[in-house]
Amino acid sequence: MRPHKALAALIPGLALLGMTMMSPAALAAEGKPGGTLRLLANAAAGTADPHINYTLQYFQLNYILYDGLVTYKKAGDKTGFEVVADLAESLPKVENGGKTYVFKLRKGIKFADGSDVTSKDVVASFQRMFKISGPTTGTLYNGIVGADACLKTPATCTLDGGLSVDDAAGTITFNLTQPDAEFLQKIAIPHASILPASAPLKDAGTDPIPGTGPYMIASYDPNKLMKIVRNPYFKEWSKEAQPAGYPDEVDYEFGLTDEAAVTAVQNGQADWMFDPPPADRLAELGTKYAKQVSVHPLTAMWYAPMNTNLAPFNDIRVRQAVNLAVDRAAIVKLFGGGNLAQPACQILPPDFPSYKPYCPFTANPGEKWSAPDMAKAKQLVTESGTAGQEVTIITEDTTVSKAIGVYLQDVLNQLGYKTSVKPISQNIQFTYIQNTNNKVQISISQWFQDYPAPSDFLDVLFSCASFTPGSDASVNISGFCDKSIDASMAEAETTTIADPAKGAELWTAVDKAVTDKAPVAVLFTPKRVDVVSSRLKNFTFSPQFYWIISQSWVE
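Only a predicted model underlies this, so the values are computations on that prediction, with no experimental measurement involved.

What counts and how
Residues numbered from 1 in each chain as written. Predicted model: local features only at pLDDT ≥ 70, side-chain atom pairs only at ≥ 80, totals over all residues. Heavy atoms only, no water. Buried < 20%, exposed > 50% of the residue type's maximum accessible area, 1.4 Å probe, protein only. Helix = DSSP H or I, 4+ residues; strand = E, 2+ residues; numbered from the N terminus. Pairing = 2+ DSSP bridges. Core = buried A, V, L, I, M, F, W, Y, C linked by side-chain atoms within 4.5 Å. Contact = heavy atoms within 4.5 Å. Disulfide = S-S within 2.5 Å. Axes fitted to C-alpha atoms, helices over the stretch in contact; angles between N-to-C directions. Left-handed = near helix turned anticlockwise from the far one by under 90°. Nonpolar A, V, L, I, M, F, W, Y, C, P; charged D, E, K, R; others polar. Polar contact = N/O pair within 3.5 Å; in protein donor to acceptor, adjacent residues only side chain to side chain.

Enquirer: Explain the pairing of strand β19 (residues 520-531) to me, please; I cannot follow it from the model alone.
Expert: Within a regular beta strand, the side chains point alternately toward one face of the sheet and then the other, so they alternate between its two faces. Among the twelve residues of β19, twelve are classified as buried, and the element is accordingly described as predominantly covered. As paired strands, strand β12 (residues 293-297) and β19 are joined by five bridges and run antiparallel to one another. From the neighbouring strand, Val293 faces β19, where its bridge partner is Val531. Taken together, the four bridges between strand β13 (residues 300-305) and β19 define a ladder with antiparallel strand orientation. Bridge assignment links Ala304 to a residue of β19, and that residue is Ala521.

Written as structure tokens, this is what we have:
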């Protein structure tokens, strides 16, 4: 998942001072329902349709507006990565060797328009995901039987053979083409929300679709305000899946600058800002307002994808040379310093499932990156015979992305290339670098987890199936395709069904194998900075949802 906006619009040389991680336990133990939370963002994040919107900004909201059959536990610790039953009565048993999942729908749950949630709505929701060409239907849900036909002709999608209901038993059965150990995690994200069968078969845009969460969108003007109020038909059915919320209303306002937003939060005129605080306010926040600031490591990476099908990066020695030559400590400084990021050189981020520290591209190969090895890097380039070639780096037109691009330009020049940097508008850079027609050699990008499983980094970003030449949605930006590694990923997925521990070991091996092939240069793992008002209590940060908005209250 890509963030709506890069988390750090910081400038070189600045670092947070004195900021610490707020402990929810240290805050108020119990709150009172009521009041209005006021949230701020530079801009809205597009459509309010939960089956289409693919931004961090609205994923965070959709988790309190909509529900799937399963979801992630709303907890402020690592258990927030656990999948729990939501609209389903319980988690299903894995049947048919991992290819069949049977859910029983809870009774008595209503949508925000007062209508009952039925199995008909479940079937229609999954068909709708394909009929409107949802952004993850081809990567996360293409394993459902019948998905191939739906992807070819979305308008007539039935998922025939893949989805069936037994009204007498009250069950819904999913059949997959092959075992998928992460199927539950994939349908726990908002793209698999259960919506009324009457939901429009097009992008709902600014017309909210009724959901089942404790809140509903009352009105949405992307230029001004999204007003969120209580769902009058909500009754808590599972505290760990969808707890009742505290605030009566959430007003999400758009249009203030970062500078004005942080001042509003400091003055108590607003309670939180989505965008990162401006760099020139960090020192002030870290000293005068330290109790209102928290910093959290993210399961994400900033990285430099290298096109494995274009010179000079179609030579593994060149890709490894770039990895060896990059000074990750210098890039962390460009991002804002060690309080906001940490160097990394493997695919999986720290604290992620199957993560084991591994860094072969450093002066002292081992568990951690230590320093660049320029001598070895230059040797590899010499052996490749590619020195002197022209290379263009594609970055976003943001301060940090451009700064990293210019740094990388210097590194590539030192390695003997004739390098230039081409910044592109942040709104289109991600699609541009994915499309092979644009012949992008190397770029700067970011990836944030969709769901907490190694496949979301390794399979989604580096499998042969996720590389689609000529497409703006080919998220395997490097065009990396290694049949042997593909087979290892398939083995890891299958093994995880019967033996999760063994499967986790296999994914760790895949992480090392992809890292060794160097289709990208992983640069660093970012952290998130949250600033809240003094009146906001119980700020709880989930590793999956980030701030759990519904569980805070104002005094």
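Additional details are given in the paragraphs that follow.
Enquirer: Would you take a moment to explain the nonpolar core for this structure?
Expert: The nonpolar side chains of a soluble globular protein tend to be buried, and buried together. Membership of the largest hydrophobic core comes to 72 residues, with the highest contact counts inside it found for Phe126 and Phe174. Residues within four places of Phe126 in sequence aside, it is in contact with Ile144, Leu159, Leu163, Phe174, Ile187, Ala192 and Ile194.

Enquirer: Quick question: what am I supposed to make of the state of the cysteines here?
Expert: Two cysteines joined by a covalent bond between their sulfur atoms form a disulfide. Applying the stated criterion across every chain, the model contains three disulfides. With its sulfur 2.1 Å from that of its partner, Cys150 forms a disulfide with Cys157. Given an S-S torsion of about 75 degrees, the disulfide between Cys150 and Cys157 has right-handed geometry. Here Cys150 and Cys157 have matching classes, each one buried. Sulfur-sulfur distance for the disulfide between Cys345 and Cys359 comes to 1.9 Å. Of this pair, Cys345 sits in the loop between β14 (341-343) and α9 (374-384) while Cys359 sits in the loop between β14 and α9, placing them 14 residues apart in sequence. Per residue, the accessibility class of Cys345 equals that of Cys359, and both read buried. For the protein chain, numbering the cysteines in disulfides from first to last along the sequence yields the connectivity 1-2, 3-4, 5-6.

Enquirer: Is there a simple way to explain the packing of helix α12 (residues 455-462) against helix α13 (residues 483-498) in this structure?
Expert: The angle between the axes and the distance between the axes are what describe a pair of packed helices. Closest axis-to-axis distance for the α12/α13 pair is 11 Å, and the angle between their directions is 145 degrees. When the axes of α12 and α13 are compared, the crossing they make is left-handed. Contacts between α12 and α13 involve Ser455, Leu458, Asp459 and Phe462 on the former and, on the latter, Asp486, Met489 and Glu493. Along the lines of polarity and charge, the residues of the contact of α12 with α13 split into three nonpolar, one polar and three charged.

Enquirer: For this particular structure, what's the right way to read the pairing of strand β8 (residues 215-221)?
Expert: The pairing of β8 with strand β9 (residues 225-230) spans six bridges and is antiparallel. Within β9, the position partnered with Met216 by the bridge is Val229. Linking β8 back to β9 in an antiparallel pair, the connection comprises three residues.

Enquirer: Looking at this structure, I do not really get the sheet that holds strand β15 (residues 390-396). What am I missing?
Expert: What links the strands of a sheet is backbone hydrogen bonding, and the strands pair in either a parallel or an antiparallel sense. The strand order β16-β15-β17 describes an open sheet built from three strands, whose pairing is parallel. Each end of this open sheet is capped by a strand with a single partner; those strands are β16 (418-424) and β17 (442-443). When β15 meets β17, the two strands line up parallel, connected through two bridges. Looking across to β17, one finds that Ile393 is bridged to Ile442.

Enquirer: Would you mind going over the sheet that holds strand β11 (residues 272-273) with me for this structure?
Expert: In spatial order, the strands read β8-β9-β10-β1-β11; together these five strands make up an open sheet with mixed pairing. Edge positions in the open sheet fall to β8 and β11, since each of these has one partner strand only. Summarising the sheet, β9 and strand β10 (residues 249-254) pair through five bridges and their orientation is antiparallel. Bridge pairing in β10 links Lys227 to Asp251.

Enquirer: Got a minute to help me understand the side chain of Gln434 in this structure?
Expert: Examined against the element boundaries, Gln434 turns out to sit in helix α11 (residues 426-434). Of the polar contacts made by the side chain of Gln434, one reaches the backbone oxygen of Phe430; its length is 3.0 Å. A polar atom in the side chain of Gln434 sits 3.1 Å from the backbone nitrogen of Ser474. Beyond its immediate stretch of four places on either side in the chain, Gln434 contacts Ser471, Asp472, Ala473, Ser474, Val475 and Ile477.

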